[in-house]
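Survey of secondary and tertiary structure
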Amino acid sequence: MIVLWGPLRLLMMINSLVLRVGRFLAWTALALMVIVILIQVIYRYIPTLDALPWPEEAARFLMLWMTGLIAPSAYRWGGFVAIDMVPRALPKSVAAVLMLVLLALAAVVLVVGIGFGLRHVTSGCSFNSPTLYVPFTLKLDWLSPCSTPIFEWGGFAWARVKLAWMYLSLLVGVCLLLAVNVELMLRSLILLLDPAADVPEDSAMIAAGAD
Amino acid sequence: MLIWFLPVFLVLLMIGMPVFFGLLVAPGVLLWLSGQERDLALLYRNIYNGMDSFPLMALPFFMLAGELMNRGGITLRLVEFSQAIMGHLRGGLAHVNILSSILFAGLSGSAVADTSALGSTLIPAMEKNGYSRRFAAAITAASSVIGPIIPPSGIMIIYAYVMGESVAALFLAGIVPGLMVGLGLMGMVRLMADRYDLPKAERIIKVDQTITPSENLIARGMARINFIGLLWGAHVLIAASLGVATAPALPTLAVLAVVTELFFRLMRRRMSEPVRIVYKRAIVPLQTPIIILGGILFGVFTPTEASVIAVAYAILISFFILRSMKLRDLPSILTKSALGSSTVLLLVGAAVAFKTVVSLSHAPETLAEFILSLSENPYTLLFLINILLFIVGMFLDAGPAIIILGPILGPIFVDIGVHPVHFAIIMSVNLTVGLATPPMGLVLFVASSVSGERVETISKAILPFLAVEVVVIFLITYIPAISLTIPRLTGFIQ
């Protein structure tokens with residue numbers, strides 16, 4: 001058992017921390033989305049101003065990152081929709097085994113997803129965003145696999161944003177989901193071996209519902 | 001081979017796989033087994049492409065707007081307003097509950113938000129007035145179904161996006177069906193009031209209410225503008241139906257303004273001071289649906305922009321008029337909305353990926369053949385599909401159900417001559433009612449946790465109301481005009 005408790009505690013600590021940062025960035029992104037779209041509406045309806053090209057894409061950029069950063073928290077707190085009638089009707093031990101099998105399947109999906117995600121992000125290096133610019137060129141290449149130099153400062157000049165930065169949001173989301181998935185697997189493994197085990201819950205939990 | 005993805009998916013779903021993973025595992029495994037690895041990459045890319053959408057952004061924004069209005073205390077004002085209007089009828093508070101749901105539906109697009117917001121104020125109030133708790137919980141759950149039928153509606157945004165329909169057309173098509181559900185429920189309450197001798201409430205007006213001078217001024221102005229708008233709309237409609245040209249705008253507006261002022265003076269004399277204050281306090285919040293629908297209708301903004309305007313308006317009201325919110329409340333509200341919408345966005349992405357495999361697999365053709373072999377009569381088929389949707393709705397939430405079934409069923413029925421918007425409404429209303437059907441109804445669970453009554457007990461008490469809603473579903477199904485008239489009159493569909 002100790003072999004499982006150690007990694008679980010460590011992973012829970014890391015996940016709690018990383019996901020808290022993720023939630024902070026996600027709500028900030030949502031707030032920025034509101035502001036950006038308001039700017040779009042205002043610019044269109046004030047006669048002396050021209051309609052802006054960038055707010056729509058900027059808002060989509062923010063929405064994708066919001067999703068990638070906060071969806072793992074929802075997964076961790078049981079916010080992913082599932083029909084749990086059969087697991088609840090089964091005897092506890094059988095349900096625990098079933099749960100583990102389902103989590104393992106999900107893990108396979110996520111691992112395969114990371115592979116495709118990496119290729120997807122790389123492909124995004126060859127495309128520029130149509131409307132988004134940043135006032136500097138900073139190559140954070142340890143993050144995005146776009147070109148060889150690492151952390152090269154390119155000076156102040158307007159540069160187009162690579163689409164890879166948008167594509168990265170889903171990949172980050174999938175990686176975080178995998179981290180949560182492993183945590184959930186460890187939990188149910190412990191509960192399978194010792195149904196009376198007192199597995200700690202995440203204290204920051206909020207009930208997530210959508211409909 | 002690929003055709004097996006549907007049974008595999010259903011089995012995964014039944015044994016408790018989260019819908020998001022089920023949507024990816026089932027087609028993924030089959031693509032892999034049949035050696036089409038290249039399409040697996042397509043699956044991943046389409047999750048991304050599915051989420052990368054501007055129209056879809058209305059979803060988090062409407063969720064945020066609803067959350068803001070709820071926390072800002074707007075719900076309470078709507079309930080007081082409904083009490084002033086309907087509280088004196090037999091079964092008064094039940095009617096108040098339904099009317100509040102209708103009004104709240106114009107501000108938010110979610111049944112769950114409706115149940116938790118209205119349930120927490122109205123269920124205790126109903127209990128205090130002599131209703132049983134399970135009746136109170138049941139009517140709250142049954143009426144909150146109106147939330148996603150009357151615009152704005154999260155479910156319709158999803159349907160419009162996944163199926164490539166116009167959000168505006170679906171929103172407009174939902175108005176009458178939503179009102180019908182409300183009126184139907186009120187009729188049922190009326191019947192039950194005689195049979196079970198439901199308590200009659202006195203017209204409940206809180207006497208100690210106040211309104212700030214500035215809000216008083218704004219509310220008076222807005223009420224008059226609304227009324228003038230109403231008269232102007234009637235004027236245009238009458239002129240159009242008689243085939244005469246409308247009168248010149250400025251003089252007409254002047255006349256309408258005078259009529260409005262006289263009407264308001266007349267009404268003022270007939271109402272007591274507290275009643276007027278309750279009415280006035282509801283006017284500012286009730287501008288939200290007018291802004292959303294008016295903006296979309298007149299092409300001032302897109303549904304996504306309308307949703308942002310709704311957010312801005314909610315912030316404006318709660319910070320400056322109601323003064324019920326502080327800056328430090330915002331992070332938790334934003335987090336909750338982001339959390340709720342992220343799961344739906346991921347689901348939509350997975351559904352778009354799933355849809356590509358659906359079309360690769362020829363499943364729609366096979367399924368269409370099967371369905372058409374049952375009958376060629378659209379009416380019979382619509383009956384059968386309603387039964388199917390109702391059963392699905394018992395087990396699955398409306399959003400995921402629409403995401404899964406829309407792409408499969410929609411094209412079949414459009415092919416046999418059902419209007420796409422009509423089918424969208426049938427599907428949305430049916431699956432929304434499914435949110436309140438046992439054994440797995442999201443709204444039932446929320447009503448249970450708000451009221452403390454057991455889900456099984458509420459499930460029994462809700463049956464008469466569900467019967468009404470089933471009748472409405474069939475009315476909508478067999479009388480297309482119910483849903484199609486408003487979008488047609490406004491030119492959003494042919």
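Everything quoted here is computed from the prediction, not taken from an experiment. (Residues numbered from 1 in each chain as written. Chains lettered and ligands numbered in written order. Predicted model: local features only at pLDDT ≥ 70, side-chain atom pairs only at ≥ 80, totals over all residues. Heavy atoms only, no water.)

Below, the discussion takes up the overall build of chain B. In terms of helices and strands, chain B carries 24 helices and 0 strands. Relative to its full complement of 494 residues, chain B shows a buried share of 58%. Summarising the internal contacts of chain B: among those between residues at least 6 apart in sequence, 78% fall at separations of at least 24. Summed over all atoms, the accessible surface of chain B reaches about 19500 Å², with 68% contributed by carbon and sulfur. Measuring between centres, the 30 positive side-chain charges of chain B sit 14 Å from its 25 negative side-chain charges. (Helix = DSSP H or I, 4+ residues; strand = E, 2+ residues; numbered from the N terminus. Buried < 20%, exposed > 50% of the residue type's maximum accessible area, 1.4 Å probe, protein only. Contact = heavy atoms within 4.5 Å. Areas by Shrake-Rupley, 256 points an atom, 1.4 Å probe, with all protein chains shown as cover. Lys, Arg positive; Asp, Glu negative; His and termini not counted. Charge placed at Lys NZ, Arg CZ, Asp CG, Glu CD.)

This part takes up the overall build of chain A. In terms of helices and strands, chain A carries 5 helices and 4 strands. The N-to-C order of helical and strand elements in chain A reads α-α-α-α-β-β-β-β-α. In chain A, which comprises 211 residues, the proportion classed as buried is 45%. Taking as baseline every contact in chain A between residues at least 6 positions apart, the subset at least 24 positions apart corresponds to 73%.

Attention shifts here to the pattern of salt bridges. Evaluated as defined, the whole model comprises 15 salt bridges over all chains. With a shortest N-O distance of 3.1 Å, Arg76 of chain A and Glu183 of chain A are connected by a salt bridge. Residue Arg76 of chain A is located in helix 2 (residues 55-76), and its partner Glu183 of chain A is located in helix 5 (residues 164-193); the two are separated by 107 residues in the primary sequence. The same class applies to Arg76 of chain A as to Glu183 of chain A, namely buried. We note a salt bridge from Glu80 of chain B to Arg281 of chain B, for which the minimum N-O separation is 3.7 Å. (Salt bridge = Lys/Arg side-chain N within 4 Å of Asp/Glu carboxyl O.)

Before going further, it helps to spend a moment on the side chain of Ser143 of chain B. Residues and elements named next belong to chain B. Within the secondary structure layout, Ser143 lies in helix 8 (residues 133-144). For Ser143, a relative accessible area of 0% gives the class buried. In this structure Ser143 touches Asn97, Ile98, Ser101, Asp114 and Leu185, once residues within four positions along its chain are discounted.

A separate point is the packing of helix 1 (residues 5-14) of chain B against helix 2 (residues 19-33) of chain B. Residue and element names in this part refer to chain B. With their axes 9 Å apart at the nearest point, helix 1 and helix 2 run at an angle of 145° to one another. Seen from above, helix 1 lies across helix 2 with right-handed handedness. Between helix 1 and helix 2, the residues in contact are Phe5, Val8, Phe9, Leu12 and Leu13 and Val19, Gly22, Leu23, Val25, Ala26, Pro27 and Leu30, respectively. Here the residues of the contact of helix 1 with helix 2 are counted per class, giving 11 nonpolar, 1 polar and no charged. (Axes fitted to C-alpha atoms, helices over the stretch in contact; angles between N-to-C directions. Left-handed = near helix turned anticlockwise from the far one by under 90°. Nonpolar A, V, L, I, M, F, W, Y, C, P; charged D, E, K, R; others polar.)

Right, let's get into the interface of chain B and chain A. Contacts between the two partners involve 65 residues from chain B and, on the opposite side, 60 residues from chain A. In this assembly, chain B packs against chain A so that about 5400 Å² is buried in total across both faces, 80% of it on carbon and sulfur atoms. Summed over the three residues of chain B that lose the most area to chain A, namely Tyr44, Tyr48 and Leu339 of chain B, the buried surface amounts to 15% of that side. Counting across the chain B and chain A interface gives 2 salt bridges. Linking Arg44 of chain A and Glu305 of chain B is a salt bridge whose minimum nitrogen-to-oxygen distance equals 2.8 Å. For the side of chain B that touches chain A, the elements supplying multiple residues, two or more each, are helix 1, helix 2, helix 3 (37-51), helix 4 (58-71), helix 7 (111-128), helix 15 (303-321), helix 16 (330-360) and helix 19 (398-415) of chain B. When residues of the side of chain B that touches chain A are assigned to their parent elements, the largest contribution, 15 residues, is made by helix 16 of chain B. Looking at the side of chain B that touches chain A, its residues break down into 48 nonpolar, 11 polar and 6 charged. (Buried area = accessible area lost by both parts, 1.4 Å probe.)

Attention now goes to a nonpolar patch on the surface. All names here are of chain B. A cluster of nonpolar residues, Phe370, Leu374, Phe383, Leu384, Ile387 and Ile391, forms a patch on the protein surface that exposes about 540 Å² of accessible area. Contributing elements (two or more residues each) for the nonpolar patch: helix 17 (363-374) and helix 18 (378-395). With 4 residues, helix 18 is the single largest residue contributor to the nonpolar patch. The exposure class of Ile387 is partly exposed, given its relative accessible area of 37%. (Patch = residues over 30% accessible without salt bridge, like charges linked within 9 Å, V, L, I, M, F, W, Y side chains within 5 Å.)

Another point: the confidence of the model for chain B. The predicted coordinates ought not to be read in detail in places where the model reports low pLDDT. Here chain B averages 89 in pLDDT, while 98% of its residues score no lower than 70. The ipTM, which scores confidence in the relative placement of chains, is 0.91 for this predicted complex, and the corresponding pTM is 0.90. (pLDDT = per-residue confidence, 0-100.)

It is worth spelling out unusual backbone geometry at this point. Residue and element names in this part refer to chain B. Following Pro151, the chain continues into Pro152 via a peptide bond in cis, with omega recorded as -5°. Here Pro152 is to be found in the loop between helix 8 and helix 9 (154-163). Omega for the bond connecting Pro438 with Pro439 falls within 30 degrees of zero, at 0°, which places this linkage in the cis form. For Pro439, the location among the structural elements is in the loop between helix 20 (420-433) and helix 21 (442-451). The phi angle at Arg323 is positive, at roughly 50°, despite the residue not being glycine. Locating Arg323 in the fold gives a position in the loop between helix 15 and helix 16. For Arg323, a relative accessible area of 63% translates into the label exposed.

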